[in-house]
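Report on the structure
Residue strings, one per chain:
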Amino acid sequence: MLHRRRLSLSTGLLLTVAALAASPDLGASGQKAATAERIDAASVRAAQGIDAFLPPTAGSIGRALGSRFDPKRAMDLVTFMDQYWRLAGNPGYDASMGRIRAGLVDAGYRDGRTPADGSSALWVEEYPNGGNGWELVRAEMTIVDPARGTAIEPVFDPVVDYIALCMNSFSTPAGGITAPLVYVGVGADEASYASVDVKGAVVLGDGSSRVLWEQAVRQRGAIGILTAAPPARYTRPDQTPEVFQWGAVPYDEKLHAFAFKASRKVADRLKARLKEGPVTVKTVVETKFRPASPGRLLVAEIPGRVKPDEHVVMVAHVQEPGANDNASGCGTLLELARALQSAIAAKAIPPPARTLTFVWGDEMRASREWLRADPARGAATRFMFSLDMTGEDTSKTSGTFLIEKEPDPSAVWARPSDPHSEWWPGDLQKAERLKGSLLNDVFLAVCLRRARETGWVVQTIPYEGGSDHTIFLNAGAPAVLATHFTDRYYHTNLDRADKTSPAVMAHVGITVGTTAMVLASASQEDALAIADLVGAAATRRLELEARQSAAIVAQAPDRAAAEAIERAVMDGWKAWYSRALESVLTLPATPAGESLRRRVQAARDRLGPGGTDGISR
């Protein structure tokens with residue numbers, strides 16, 4: 001996930017179901033959550049029970065997928081991808097895409113967009129690559145005796161520090177380069193360099209890689225940098241001093257320099273060495289660039305039998321050097337595609353009415369290209385799921401499963417029951433841009449039911465953006481993100497396969513697959529049940545907002561102003577749920593019948609007066 005920055009959740013959580021009574025309806029695998037989350041009791045009351053409204057088909061689909069989703073096979077892909085620093089156009093990215101493709105072929109997907117017999121298909125789409133296909137081949141730094149040229153000790157551990165080299169670093173001359181190591185403090189201004197000469201040196205500094213790059217390399221002629229900028233607090237460097245966050249420096253053919261990230265453990269050792277006297281290091285870097293390599297995305301489809309031109313899309317991004325981010329999303333989606341194909345082939349579930357589309361590629365860029373390449377299929381995308389960091393072993397990472405919702409009023413007005421994550425920059429959505437959709441509540445209900453039977457902890461968060469769902473939302477399609485936050489190893493060298501849980505990948509895969517199939521193939525009876533589900537969710541949300549509003553107004557210094565805001569909040573939720581209920585009318589694969597129209601209208605009437613102004617269709 002490229003665009004997350006600060007990632008610990010605020011105090012108070014929306015939804016958890018570890019303590020709810022067991023339900024037999026969905027197929028179960030996995031283990032009990034190690035610990036329960038503390039939550040706001042009002043939020044629990046707002047969510048309890050909506051899974052009871054799920055149509056019976058959700059249970060049969062869940063059981064079929066639960067018996068076919070192989071967590072070990074999903075984990076095998078995570079382990080394979082974890083070998084590589086994957087960037088679009090480089091060998092690790094291409095090897096990962098090849099492994100996914102091989103798994104799809106093994107599952108029965110056939111090459112070609114439209115196999116003659118109408119079977120499931122797979123193909124690769126190419127586009128001009130905006131990156132440079134950077135590849136890390138070798139990166140070493142050794143403290144040496146300058147007089148003898150003999151090695152004293154390595155700076156980096158090849159296992160722990162395997163991604164210390166920053167993206168866009170260039171190769172050193174063959175055989176490496178020997179240079180003094182110079183410490184410049186933060187290295188952000190003239191004063192940092194007043195008493196040292198860094199030209200031709202390797203610069204160690206406490207500032208960010210970009211600051212050191214600009215000041216030491218670009219402006220003063222250093223041959224490379226080693227940044228010891230402290231990682232984000234969520235990584236807990238006091239407990240794990242070997243942790244660092246991987247990074248990049250600007251691509252610059254003229255400078256032809258390199259950059260490393262240093263953990264606190266590495267930086268402290270180097271600083272101690274420098275206090276004893278001058279330090280000389282030998283650096284050997286070998287990297288490759290492939291700017292001409294095309295961008296590639298892999299597509300697999302199970303064709304719809306009633307409305308094949310309409311799509312339910314599921315996306316996982318391949319790039320980044322991490323296991324949970326996002327080899328786990330890729331493994332979850334591949335195994336889900338296999339399980340769906342197997343269940344349909346065995347006639348355990350019928351083929352979908354709408355086309356199920358699976359996409360693997362470069363985060364956000366692949367989604368843009370999939371939409372750009374065929375505007376018609378983008379316009380016909382009914383729902384979208386982004387699978388990003390879906391496999392957290394929460395006992396190790398602390399990253400609880402979250403549904404990042406399609407934008408609803410909680411993304412417009414900050415509410416006590418709906419805390420944002422700490423990284424959230426505070427950018428609120430515009431109320432007039434909200435659309436309203438059944439997707440949030442149906443996906444949540446499926447997850448709640450599985451959680452009730454397994455102890456899996458499920459929470460929600462307001463829309464914040466930062467992954468493939470953002471691209472589809474901007475294109476007008478309802479979309480949600482299935483993810484985990486806060487992962488203390490997110491974007492670090494310690495995001496390895498040992499932090500990934502096969503059981504959690506099964507939870508996410510089975511619930512995404514169940515929801516996708518329900519949405520792809522809903523009958524009139526299914527839609528009636530979902531109208532009741534969304535109506536019940538609306539009632540509970542309005543009850544929760546009424547309680548929250550009363551408390552907020554009672555504590556407000558300007559009661560009249562607070563009341564005006566709270567009226568807007570309540571009207572916003574009524575309007576959003578009015579549109580969400582209206583969206584149920586287009587859910588069945590056949591035109592909405594009179595019973596469904598009456599059911600939806602009755603639920604909308606129960607919302608009470610007020611609220612549709614300013615909410616777009």
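Residues numbered from 1 in each chain as written. Predicted model: local features only at pLDDT ≥ 70, side-chain atom pairs only at ≥ 80, totals over all residues. Heavy atoms only, no water.

**What about the overall build of the protein chain?**
A count of helical and extended segments in the protein chain gives 16 helices and 16 strands. At 26 Å, the protein chain has a C-alpha radius of gyration in line with the 25 Å of a compact globule built from 617 residues. C-alpha atoms of the protein chain, sized along the principal axes, occupy 90 × 70 × 40 Å. Look at the contacts in the protein chain between residues 6 or more apart in sequence, and 82% of them connect residues 24 or more apart. Summed over its atoms, the accessible surface of the protein chain is roughly 23600 Å², and 52% of this surface lies on carbon and sulfur atoms. Distance from the positive charge centre (70 side chains) to the negative charge centre (71 side chains) of the protein chain: 2 Å. (Helix = DSSP H or I, 4+ residues; strand = E, 2+ residues; numbered from the N terminus. Rg over C-alpha atoms; globule rule 2.2 N^0.38 Å. Contact = heavy atoms within 4.5 Å. Areas by Shrake-Rupley, 256 points an atom, 1.4 Å probe, with all protein chains shown as cover. Lys, Arg positive; Asp, Glu negative; His and termini not counted. Charge placed at Lys NZ, Arg CZ, Asp CG, Glu CD.)

**Notes on the packing of helix H3 (residues 71-81) against helix H7 (residues 323-345)**
Where H3 meets H7, the axes come as close as 8 Å, and the angle between the chain directions of the two elements is 145°. Classified by chirality, the crossing of H7 by H3 is right-handed. Contacts between H3 and H7 pair Arg73, Ala74, Leu77, Val78 and Met81 from the former with Ala323, Ala327, Ser328, Cys330, Gly331, Leu334, Glu335 and Arg338 from the latter. Looking at side-chain class alone, the contact of H3 with H7 contains 8 nonpolar, 2 polar and 3 charged residues. (Axes fitted to C-alpha atoms, helices over the stretch in contact; angles between N-to-C directions. Left-handed = near helix turned anticlockwise from the far one by under 90°. Nonpolar A, V, L, I, M, F, W, Y, C, P; charged D, E, K, R; others polar.)

**Topic: the sheet that holds strand E5 (residues 177-183)**
Taken in spatial order, the 7 strands line up as E4-E3-E9-E5-E6-E7-E8 in an open sheet, and their pairing is mixed. Each edge of the open sheet carries a strand with a single partner, namely strand E4 (151-154) and strand E8 (258-261). This sheet shows a mean twist of 30° between the axes of neighbouring strands, independent of strand direction. With 3 bridges joining them, E5 and strand E6 (residues 202-205) adopt parallel strand pairing. Note that in E6 the partner of leucine 181 across the bridge is valine 202. Across the sheet, helix H5 (residues 209-218) lies against E6, strand E7 (224-227) and E8, angled at about 145° from E7, the strand it touches most. (Pairing = 2+ DSSP bridges.)

**Quick notes on the side chain of serine 293**
Along the chain, serine 293 falls in the loop between strand E9 (279-288) and strand E10 (295-302). Residues in contact with serine 293, not counting those within four places in the same chain, are Gly89 and Asn129.

**Some details on the packing of aromatic side chains**
Here a ring pair, both rings aromatic, is described through the centre-centre distance and the interplanar angle of the planes. For the coordinates displayed, the defined rule picks out 18 aromatic pairs. Pairing phenylalanine 258 with phenylalanine 260 gives two aromatic rings, centres 5.9 Å apart and planes at 75°, and the pair type is edge-to-face. Residue classification places phenylalanine 258 among the buried positions, given a relative accessible area of 3%. With a centroid separation of 5.9 Å and an interplanar angle of 25°, the aromatic rings of tryptophan 573 and tyrosine 577 are classed as stacked. (Phe/Tyr/Trp six-rings, centres within 6.5 Å; stacked < 30°, edge-to-face > 60°. Buried < 20%, exposed > 50% of the residue type's maximum accessible area, 1.4 Å probe, protein only.)

**Digging into the pairing of strand E12 (residues 354-361)**
Within E12, 8 of the 8 residues are buried, leaving the element largely enclosed by the surrounding structure. Taken together, the 8 bridges between strand E11 (residues 307-317) and E12 define a ladder with parallel strand orientation. Paired with valine 315 across the two strands is valine 359, which belongs to E12. In this region the chain leaves E11, passes through H7 and returns to the parallel neighbour E12; the handedness of that crossover is right-handed. (Right-handed = clockwise from strand over helix to strand, strands pointing away.)

**Details of the packing of helix H4 (residues 91-107) against H7**
Two numbers describe how H4 lies on H7: the axes approach to 9 Å, and their chain directions differ by 15°. As judged from the angle between their axes, H4 and H7 are roughly parallel. As H4 packs across H7, the resulting crossing turns out to be right-handed. Every residue of H7 that contacts H4 at Ile100, Gly103, Leu104, Asp106 and Ala107 is listed here: Cys330, Leu334, Ala337, Arg338 and Gln341. Broken down by class, the residue content of the contact of H4 with H7 amounts to 6 nonpolar, 2 polar and 2 charged. (Parallel < 35°, antiparallel > 145°, perpendicular 65-115°, else oblique.)

**A few points about the pairing of E6**
The alternating pattern of E6 places Val202 and Leu204 and Val203 and Gly205 on opposite faces, both of which are buried. Relative to E7, E6 runs parallel, the two sharing 4 bridges. Within E7, the position partnered with valine 202 by the bridge is glycine 224. For the crossover that starts at E6, traverses H5 and ends in the parallel E7, the hand is right-handed.

**What about the nonpolar core?**
Counting residues in hydrophobic clusters, the biggest one holds 101 residues, and the most contacted among them are Leu104, Met314, Leu356, Phe358, Trp360 and Phe385. Here leucine 356 is in contact with Ala300, Glu301, Ile302, Val312, Met314, Leu340, Ala516, Met517 and Ala520, once residues within four sequence places are set aside. One finds Trp85, Phe244, Phe258 and Val285 within the second-largest nonpolar core, a separate group that totals 30 residues. (Core = buried A, V, L, I, M, F, W, Y, C linked by side-chain atoms within 4.5 Å.)

**Some words on helix H13 (residues 502-521)**
For an α-helix, 3.6 residues make a turn, and residues three or four places apart therefore share a direction. Compared with an ideal rise of 1.5 Å per residue, which puts 20 residues at 28 Å, H13 spans 28 Å between its outermost C-alpha atoms and is within 8% of the ideal. Counting buried positions along H13 yields 18 of 20 residues, so the element is predominantly enclosed. (Expected span 1.5 Å × (residues − 1).)

**Topic: the sheet that holds strand E14 (residues 400-404)**
Here we have 9 strands laid out as an open sheet, ordered E1-E2-E10-E12-E11-E13-E16-E14-E15, and mixed in their pairing. Here the strands that pair on one side only, and so sit at the sheet edges, are strand E1 (110-111) and strand E15 (459-461). Packed onto the sheet, H7 meets E10, E11, E12 and strand E13 (381-387) and runs at close to 145° relative to E11. Relative to the sheet, helix H8 (residues 365-373) contacts strand E2 (121-127), E10, E11, E12 and E13, its axis offset from that of E2 by approximately 100°.

**Side note on the pattern of salt bridges**
Going through the model one piece at a time under the given rule, you end up with 37 salt bridges. Here aspartate 206 makes a salt bridge to lysine 271, at a shortest N to O gap of 2.8 Å. With aspartate 206 in the loop between E6 and H5 and lysine 271 in helix H6 (residues 264-276), the pair connects residues that are 65 residues apart, well separated along the chain. Residue lysine 271 is classed as partly exposed on the basis of its relative accessible area of 22%. With a shortest N-O distance of 2.8 Å, arginine 415 and glutamate 545 are connected by a salt bridge. One end of the pair, arginine 415, is in the loop between E14 and helix H11 (439-454); the other, glutamate 545, is in helix H14 (residues 524-555), with 130 residues separating them in the sequence. For the pair shown, arginine 415 and glutamate 545 are each scored as buried. (Salt bridge = Lys/Arg side-chain N within 4 Å of Asp/Glu carboxyl O.)

**Examining H7**
A rise of 1.5 Å per residue sets the reference length of H7, with its 23 residues, at 33 Å; its end C-alpha atoms lie 31 Å apart and thus fit the reference within 8%. Of all 23 residues in H7, 21 are buried, a share of seventy percent or more. Two residues or fewer past H7, lysine 347 is found with a positive phi of approximately 60°.

**Observations regarding the side chain of threonine 515**
Mapped onto the elements, threonine 515 comes out in helix H13. A residue is classified by how much of its surface remains accessible, and threonine 515, at 0% relative accessible area, is buried. With residues up to four places along the chain from it excluded, the contact list for threonine 515 reads Phe385, Val442, Phe443 and Val446.

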